[in-house]
Amino acid sequence: MKVVLKLEGLDCANCAAKIETAVSKIQGINDVNVVFMTQKLSFTTEREDVDAIVEQITKEAMKASSDVKSVKRIK
């Protein structure tokens with residue numbers, strides 16, 4: 001399943017790269033891609049607990065970049 005999230009407050013490409021690296025280490029997540037210009041993070045997963053994954057990603061994104069204000073699922 002493909003999931004797309006909106007990273008609100010992402011303000012630099014370096015932060016996007018840090019988030020992408022942190023999220024790619026989460027077990028069960030594949031093909032992580034963060035696009036700074038659109039402030040979107042996408043990934044694929046076979047896991048069923050997508051809400052738990054989004055919660056974990058939110059924590060990792062905010063640790064990697066204090067500028068990220070929120071993470072919202074858009075797809």
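Located above this text is the structure these notes cover.
Residues numbered from 1 in each chain as written. Predicted model: local features only at pLDDT ≥ 70, side-chain atom pairs only at ≥ 80, totals over all residues. Heavy atoms only, no water.

K.L.:
Help me out: how do you make sense of the nonpolar core in this one?
P.N.:
A general tendency of soluble globular proteins is for nonpolar side chains to be buried together. Core analysis: the biggest nonpolar cluster contains 21 residues, and Ile19, Leu41, Phe43 and Ile57 have the highest contact counts within it. Listing elements by their share of this core, those giving two or more residues are strand S1 (2-8), helix H1 (13-24), strand S2 (29-35), strand S3 (40-45) and helix H2 (50-64). Top element by residues in this core is H2. It accounts for five residues. In contact with isoleucine 57, not counting residues within four places along its chain, are Leu5, Val23, Ile26, Ile29, Leu41 and Phe43. (Core = buried A, V, L, I, M, F, W, Y, C linked by side-chain atoms within 4.5 Å. Buried < 20%, exposed > 50% of the residue type's maximum accessible area, 1.4 Å probe, protein only. Helix = DSSP H or I, 4+ residues; strand = E, 2+ residues; numbered from the N terminus. Contact = heavy atoms within 4.5 Å.)

K.L.:
Help me understand the environment of aspartate 51 in this model?
P.N.:
For aspartate 51, the location among the structural elements is in helix H2. Classification of aspartate 51 by relative accessible area gives exposed; the value is 63%. As a C-alpha pair, aspartate 51 and arginine 73 span 22 residues in sequence and 9.0 Å in three-dimensional space.

K.L.:
Teacher, can you tell me more about the sheet that holds S1 here?
P.N.:
Within a beta sheet, neighbouring strands are joined by backbone hydrogen bonds and run either parallel or antiparallel to one another. Reading across the sheet, the four strands line up as S2-S3-S1-S4 and stay open at both edges, with antiparallel pairing between neighbours. Each end of this open sheet is capped by a strand with a single partner; those strands are S2 and strand S4 (70-73). Strand-to-strand twist across the sheet, computed as the mean angle between neighbouring axes with direction ignored, equals 25°. Bridge count between S1 and S3: five bridges; the pairing is antiparallel. Across the sheet, the residue bridging to lysine 6 is lysine 40, located in S3. In the packing of H1 onto the sheet, the strands contacted are S1, S2 and S3, and the crossing angle to S2 comes to about 170°. (Pairing = 2+ DSSP bridges. Axes fitted to C-alpha atoms, helices over the stretch in contact; angles between N-to-C directions.)

K.L.:
Just checking my understanding: could you explain the environment of leucine 41 for this structure?
P.N.:
Among the secondary structure elements, leucine 41 is positioned in strand S3. Sequence separation of leucine 41 and valine 4 is 37 residues, and the distance between their C-alpha atoms is 5.7 Å. Once residues lying within four places of it in the same chain are set aside, the contact partners of leucine 41 are Val3, Val4, Leu5, Leu7, Ile19, Val23, Asn33, Val34 and Ile57.

Take it as geometry only, folks, not as evidence of what the structure does.
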